[in-house]
Number of protein chains: 2
Amino acid sequence: MSPTTTSGIDEKLLAVLRRLLGPAPIALVLGDARNLPETSEPIIATLRIPERSTLLSMALDPEVGFGDAYSTGRVEVDGDLVRTLESAYQSSGTRPWLWRMRSKWLTWSQANTRSGSARNIHHHYDLSNDFYRLWLDERMLYTCAYFPTPEASLEAAQEAKLEMVCRKLRLQPGETVVEVGCGWGALAIYMAQHYGVGVKAYNISHEQITYAREWARREGVSNQVEFIEDDYRTVKEKFDVFCSVGMLEHVGPDHYRELGQVIHRAIGDTGRGFLHYIGRNRPAPLSVWIRKHIFPGGYPPTIRESMEVLEPQSFSVLDIENLRMHYAKTLEHWLARFDAAFENVVRERGVEFARMWRLYLAGSVAAFRSGRLQLFQVLFAGKDSRFMPWTREDLYTPFDQEISDQAWTRATY
Amino acid sequence: MSPTTTSGIDEKLLAVLRRLLGPAPIALVLGDARNLPETSEPIIATLRIPERSTLLSMALDPEVGFGDAYSTGRVEVDGDLVRTLESAYQSSGTRPWLWRMRSKWLTWSQANTRSGSARNIHHHYDLSNDFYRLWLDERMLYTCAYFPTPEASLEAAQEAKLEMVCRKLRLQPGETVVEVGCGWGALAIYMAQHYGVGVKAYNISHEQITYAREWARREGVSNQVEFIEDDYRTVKEKFDVFCSVGMLEHVGPDHYRELGQVIHRAIGDTGRGFLHYIGRNRPAPLSVWIRKHIFPGGYPPTIRESMEVLEPQSFSVLDIENLRMHYAKTLEHWLARFDAAFENVVRERGVEFARMWRLYLAGSVAAFRSGRLQLFQVLFAGKDSRFMPWTREDLYTPFDQEISDQAWTRATY
């Protein structure tokens, strides 16, 4: 074949990739072949693809093709990675057939049955505490923070998040709380220390629960906080309050009704609860690349879908807040810290792992910024509960002040 | 028949009614026949039913049977009416077959097509402005108020509601707003006067729109506010903001997608919107008696059901607040004013109408108190909108202070 023909194939493949990518102001380059978007916007990045096989895999499935090529260094991004991904997210439309087939396969093979969940959670959360310590805050909080102002530090914002969760629930001394999916234990310990409640906290990540137990011991709250290494489906006792921060994404829509039954068993018709989860504006499966490499079994529901947890039990929704820009900000902090520790990660886990995780964090910033993902906090109560905060004004008492007693009184009628 | 046999029939009918009513602490009496609940709670009320035919209709369908008997004075309630209804709502369970048949018939015969909506809305909102003036606040607001504290006056609470809606939408001078279902025009006029926006407000109630136009003229804002006597489905122009307070209950689930399309046509993917509506914890038709006499075609959706308006258009939900106790409080004020004007209503419209409306208002207080009904306010934005208030703290600036510019700046990113 003459060089002209070869370059002709590349141009055709670039054109296919362009169709899937849409008009994002990103130039696509393989050797002499170039593809520029039909847009008047200035080009913000150039993707340099050294090999045709890489281009082919990207043209068949841009998401997985690009993700794998980025991890293995077979594609170069000249330009800001986050901005490039944000622009690609906003521009791209339909999914190719290969993506849809892969997506279906993953939905089936990574189903969140008890054994499936154990496998899925182990894959991500048992990587190693030392690895997460490189880029999370000092409390090891791995969920969306709450930034009272965009300029707040990550540490301050994570503490504000813990405080805000307790405030939304209007916790009272002596109450009992069940937390499912408790991570490294920060929220359970904060609730015990600052609100005087008793907490039973569930998690199936062995690494995390071991860490949490040791931490509770060090803080001297082991009598108030019990960490249980088990699936949320095993919760059987009665509590005043149910709480889950960042677990619903791992439950899967097939198990929402079951989760609702577990919550109802725990708090009945008179308790109250809180769900914090990554969601969507309209239903769509999670990125195939993310499910393949980062979060097996993950699914971010829409509000409509998540109501499948609450409505069959007649739970009453009191308050929903969307904090997606706070998650974008949280992830910016994580990405900056990850980048600062990059060489360290490469040394410990190899360059492919490091690049894969960098792409996951950068892609997540872009997903929350562009609105591809949302972050919902839902406060609810049992149908016969008398918990109904009169207004939400008490939530906005400055964080260095205690909430007035009057406000607490007004949380029930 | 001997008197014993007669009383035996009554006792059996009372027992049937009791089964449908459940263990509510309410005594049922017809002549010598009595039925007391199996409960240790003290009896809060006695229903005295003078005639067997009335008892029969109540035993076949307690809701419609009681409602009609109360309106026509064929049943007496010894005890507080609101408390009695609240207790009955909390206690009663399954619906008898007659209720279900009547419910299906109404759902069909009162469907909210364009002509059906015109009929349904005319039935309620065109009764007469003078009648509503007897018991609404001075602004003629006929939707849930916002009580900064439970002690606020109805006038103050209705003004606070108007202000809160504008704050949630973070209106900016010069923006354009479309309001559908604008009642007597108070919100549209408030927005124009206090936030400097231009409003087109739709309503199919002739009485209301005539009143609203005249009011806008008196206030000198006719150049900013246009009142249009037409169906929401006819909205065709583009606006920055969509707003609807108390209309979704009249739209009907069959038309939610269509409403979503109308909203999307109006604000596209970059505008923002607000829905305020009576809702439910779990799906159920509205009271048959209420649909028969008060709100033909009414249906209060769950959050899940109402998402059928927003999700197909990829609208992003930013904030949902449940204000049901504020509606209970609003209705308490209306009921007290209605009771004060009772003789007046009897003179103008007859005693049956007056008792029917008294029961509707008392039943509504009970429904919101008991959690049978909810009140949701939903703030949302188009998928590509950059409207995303950083926090909700600015909503809680005292009502006599202006919101700081900084807070406004933080409403977009």
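Residues numbered from 1 in each chain as written. Chains lettered and ligands numbered in written order. Predicted model: local features only at pLDDT ≥ 70, side-chain atom pairs only at ≥ 80, totals over all residues.

**Student:** Any chance you could explain the overall build of chain A here in plain terms?
**Tutor:** Looking only at helices and strands, chain A features 17 helices and 11 strands. Compactness check: chain A gives a C-alpha radius of gyration of 23 Å against a globular reference of 22 Å for 413 residues, within 12% of the reference. Projected onto its principal axes, the C-alpha coordinates of chain A cover approximately 80 × 40 × 40 Å. In chain A, which comprises 413 residues, the proportion classed as buried is 52%. Relative to all contacts within chain A whose residues are 6 or more apart in sequence, the contacts with residues 24 or more apart total 72%. (Helix = DSSP H or I, 4+ residues; strand = E, 2+ residues; numbered from the N terminus. Rg over C-alpha atoms; globule rule 2.2 N^0.38 Å. Buried ≥ 20, exposed ≤ 12 C-beta atoms within 10 Å, placed from the backbone. Contact = placed C-beta atoms within 7 Å.)

**Student:** Where do I start with the environment of glutamate 332 of chain B in this structure?
**Tutor:** Residues and elements named next belong to chain B. Checked against the element boundaries, glutamate 332 lands in helix α14 (residues 324–340). The class for glutamate 332 is partly exposed, based on 18 C-beta atoms found within 10 Å. Taking C-alpha positions, glutamate 332 is 8.1 Å from leucine 361, a pair spaced 29 residues apart along the chain.

**Student:** Just to check I follow, could you spell out the domain arrangement of chain A for this structure?
**Tutor:** By a frequent convention, interface size equals the accessible area lost on bringing the separate parts together. All names here are of chain A. Under the domain assignment used here, chain A contains domain 1 (3–94) and domain 2 (114–409). When contributions to the side of domain 1 that touches domain 2 are tallied by element, the ones reaching two or more residues are α3 (62–71) and α4 (81–91). Examining the composition of the side of domain 1 that touches domain 2, we find that 6 residues originate from one element, α4, more than from any other. Across the side of domain 1 that touches domain 2, the residue classes break down as 6 nonpolar, 5 polar and 2 charged. (Domains from an automatic or database assignment. Nonpolar A, V, L, I, M, F, W, Y, C, P; charged D, E, K, R; others polar.)

**Student:** Sorry if this is basic, but what is going on with the interface of chain B and chain A here?
**Tutor:** Counting residues at the interface gives 29 residues for chain B, matched by 29 residues for chain A. For the side of chain B that touches chain A, the secondary-structure elements that each account for two or more residues are α13 (303–310) and β10 (316–322) of chain B. Looking at which element gives the most residues to the side of chain B that touches chain A, the answer is β10 of chain B, with 7 residues. Looking at chain direction, strand β10 (residues 316–322) of chain A and β10 of chain B are connected through 3 bridges and run antiparallel. Paired with glutamate 321 of chain A across the two strands is aspartate 319 of chain B, which belongs to β10 of chain B. (Pairing = 2+ DSSP bridges.)

**Student:** Any chance you could explain the sheet that holds strand β2 (residues 33–35) of chain B here in plain terms?
**Tutor:** Hydrogen bonding along the main chain pairs the strands of a sheet, whether they run parallel or antiparallel. All names here are of chain B. The mixed open sheet is built from 4 strands, whose spatial order is β2-β1-β3-β4. On the outer flanks of this sheet lie β2 and β4 (76–78), each paired with one strand and no other. Across the sheet, the axes of successive neighbouring strands diverge by a mean angle of 20°, strand direction being ignored. Sheet analysis places strand β3 (residues 45–48) next to β4, joined by 3 bridges and oriented antiparallel. Residue pairing for β4: leucine 47 is matched across the bridge by valine 77. Contacts from helix α4 (residues 81–91) reach β1 (26–30), β3 and β4, with the element oriented near 105° to β1. (Axes fitted to C-alpha atoms, helices over the stretch in contact; angles between N-to-C directions.)

**Student:** Explanation requested: the packing of helix α15 (residues 342–349) of chain A against helix α16 (residues 351–370) of chain A in the structure shown.
**Tutor:** Each pair of packed helices can be summarised by the angle the axes make with each other and by the distance between the axes. Residue and element names in this part refer to chain A. The N-to-C vectors of α15 and α16 enclose an angle of 135°; their axes lie 7 Å apart at closest approach. In terms of their interaxial angle, α15 and α16 are classed as oblique. For the pair formed by α15 and α16, the contact residues are Phe342, Val345, Val346 and Arg349 on the first element and Val351, Phe353, Ala354 and Trp357 on the second. (Parallel < 35°, antiparallel > 145°, perpendicular 65-115°, else oblique.)

**Student:** Whenever I open this one, the relation of the copies chain B and chain A confuses me. Can you help?
**Tutor:** One copy of the chain maps onto the second through a rotation about an axis and a displacement along it. Overlay of chain B on chain A (RMSD 0.0 Å): rotation 180°, translation along the axis 0.0 Å. Such a combination of rotation and displacement between the chain copies is what one expects of a two-fold axis. Comparing interface residues between copies, 100% of those in chain B also lie at the interface in chain A; the contact surface is shared. (Least-squares fit on C-alpha atoms with pLDDT ≥ 70 in both.)

**Student:** Just checking my understanding: could you explain helix α5 (residues 97–109) of chain A for this structure?
**Tutor:** Residue pairs spaced three or four apart in an α-helix point in one direction, given the helix's 3.6 residues per turn. Residue and element names in this part refer to chain A. With 13 residues, α5 ought to run about 18 Å at 1.5 Å a step, and its terminal C-alpha atoms sit 18 Å apart, in line with that. Of all the residues in α5, the buried ones are Trp99, Arg102 and Ser103. Buried positions in α5, seen along its axis, are confined to an arc of 105° and lie on one side of it. Exposed residues on α5 whose side chains face more than 90 degrees from its buried face are Trp97, Met101, Lys104, Trp108 and Ser109. For α5, the secondary structure elements touched by its buried residues are α3 and α12 (288–293). (Expected span 1.5 Å × (residues − 1). Arc of directions from axis to C-beta.)

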